[in-house]
Amino acid sequence: QVQLVESGGGLVQTGASLRLSCAGSGGTIRTYNIGWFRQAPGEEREFVAVTRRSGGATIYADSVKDRFTVSRDNAQNTVHLQMNNLKPEDTAVYYCAAGTQVLSAVRDSGMYYHWGRGTQVTVSS
């Protein structure tokens, strides 16, 4: 069973960049869709981005498109989320998750089997 650990969060100012990492162990994450989700206080967990297991295609939420980039480093068994031009509304705990669902279900958090514990991202105005 794969375990996931997120890292790279922090406190930054508006317009700054951060790179989050999702490191896998106990399994090869290239065989999984790896999704990124975030949850702000008092809010539902929301989809951010995913890199698919078949070919590594990526899908983004409209709110982060053109600012965030998800990529795989198969040699390191890691997925990265590069976040540029951060805004206060990006403040949340960011989670990565692994699943094997079909394309139509990659935005559904309930379809992911394995989750990390999250990393806090705070963007000050």
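Preceding this section is the structure that the text describes.
Bear in mind that the values here come from a model prediction, so they are computed numbers and not experimental data. Residue indices begin from 1 for each chain and proceed along its sequence in written order. Selection of residues for local features in this predicted model requires a pLDDT of at least 70, selection of side-chain atom pairs for listing and counting requires 80 or more, and totals for whole chains, interfaces and linings are taken over all residues. Calculation of side-chain values draws on the structure's entire complement of heavy atoms; hydrogens and water are dropped beforehand.

**Section: the overall build of the protein**
Here's step 1: Working definition: helices are DSSP H or I runs of at least four residues, strands are E runs of at least two. Numbering for both runs from the N terminus. Secondary structure summary: the protein contains zero helices and eleven strands in total.
Here's step 2: Listed by position from the N terminus, the elements making up the protein come as β-β-β-β-β-β-β-β-β-β-β.
Here's step 3: The C-alpha radius of gyration of the protein comes to 13 Å, within 12% of the 14 Å expected for a compact globule of 125 residues.
Here's step 4: By principal-axis analysis of the C-alpha atoms, the protein measures approximately 40 × 30 × 25 Å.
Here's step 5: Counting the 125 residues in the protein, one finds 43% classified as buried.
Here's step 6: Whether two residues are in contact is decided by their heavy atoms: any pair within 4.5 Å suffices. Here the contacts in the protein between residues at least 6 apart in sequence split such that 58% fall between residues at least 24 apart.
Here's step 7: Calculation of accessible area relied on Shrake-Rupley with a 1.4 Å probe; when residues are assessed, cover is drawn exclusively from the protein chains displayed. Carbon and sulfur atoms make up 44% of the accessible area of the protein, which totals about 6300 Å².
Here's step 8: Between the averaged position of the 12 positive side-chain charges in the protein and that of its 10 negative side-chain charges there is a distance of 8 Å. Computation of the radius of gyration draws on C-alpha atoms, with the globule rule given as 2.2 Å multiplied by the number of residues to the power 0.38. Any residue under 20% of the maximum accessible area for its type is buried, any over 50% is exposed, and the rest in between are partly exposed; the area is computed with a 1.4 Å probe on protein chains only. Lys and Arg are tallied as positive, Asp and Glu as negative. Neither His nor the chain termini are counted. Where a charge sits is defined by one atom per residue type, namely NZ (Lys), CZ (Arg), CG (Asp) or CD (Glu).

**A look at the packing of aromatic side chains**
Here's step 1: For Phe, Tyr and Trp, where Trp contributes only its six-membered ring, two rings pair if their centres lie within 6.5 Å, and the inter-plane angle classes them as stacked under 30 degrees, edge-to-face over 60, or tilted in between. Inspection of the entire model under this criterion finds five aromatic pairs.
Here's step 2: When the centroid spacing of 5.2 Å and the interplanar angle of 50 degrees are considered together, the rings of phenylalanine 37 and tryptophan 115 count as tilted. One end of the pair, phenylalanine 37, is in strand β4 (residues 33-39); the other, tryptophan 115, is in strand β10 (residues 114-115), and 78 residues separate them in sequence.
Here's step 3: Accessibility expressed as a relative area gives 27% for tryptophan 115, which makes it partly exposed.
Here's step 4: In this structure an aromatic cluster arises from ring pairing among Phe37, Phe47, Tyr95, Tyr112 and Trp115.
Here's step 5: When the NZ atom of lysine or the CZ atom of arginine is within 6 Å of a ring's centre and also within 35 degrees of its normal, the charge is said to sit over that ring. We note arginine 45 situated over the ring of tryptophan 115; from NZ or CZ to the ring centre the distance is 4.7 Å.

**Quick word on the pattern of salt bridges**
Here's step 1: Salt-bridge detection follows one rule: a side-chain nitrogen of Lys or Arg within 4 Å of a carboxyl oxygen of Asp or Glu. Tallying each qualifying case throughout the model produces four salt bridges.
Here's step 2: Across the pair aspartate 62 and lysine 65 runs a salt bridge whose closest N-O atoms are separated by 3.1 Å.
Here's step 3: Owing to a relative accessible area of 67%, aspartate 62 belongs among the exposed residues under this scheme.
Here's step 4: In this structure, the salt-bridge partner of arginine 67 is aspartate 90, at a minimum N-O distance of 2.8 Å.

**Some thoughts on the state of the cysteines**
Here's step 1: Disulfides are defined as pairs of cysteine sulfur atoms found within 2.5 Å of each other. In the structure shown here, the tally under the stated rule is one disulfide.
Here's step 2: Here cysteine 22 connects covalently by a disulfide to cysteine 96, the sulfurs 2.1 Å from one another. Negative torsions about the S-S bond denote left-handed disulfides, and the value of about 75 degrees found for cysteine 22 with cysteine 96 makes this one right-handed. With cysteine 22 in strand β3 (residues 18-25) and cysteine 96 in strand β9 (residues 92-99), this pair connects stretches of sequence that are 74 residues apart. The burial state of cysteine 22 is the same as that of cysteine 96; both residues are buried.

**Here's the deal with the environment of valine 70**
Here's step 1: Tracing the backbone through its elements, the reader meets valine 70 in strand β7 (residues 68-73).
Here's step 2: Its relative accessible area of 6% is what places valine 70 among the buried residues.
Here's step 3: With 55 residues separating them along the chain, valine 70 and glycine 15 place their C-alpha atoms 18 Å apart.
Here's step 4: Among residues more than four places away in sequence, those in contact with valine 70 are Trp36, Ala49, Val50, Thr51, Thr58, Tyr60, Val79, His80 and Leu81.

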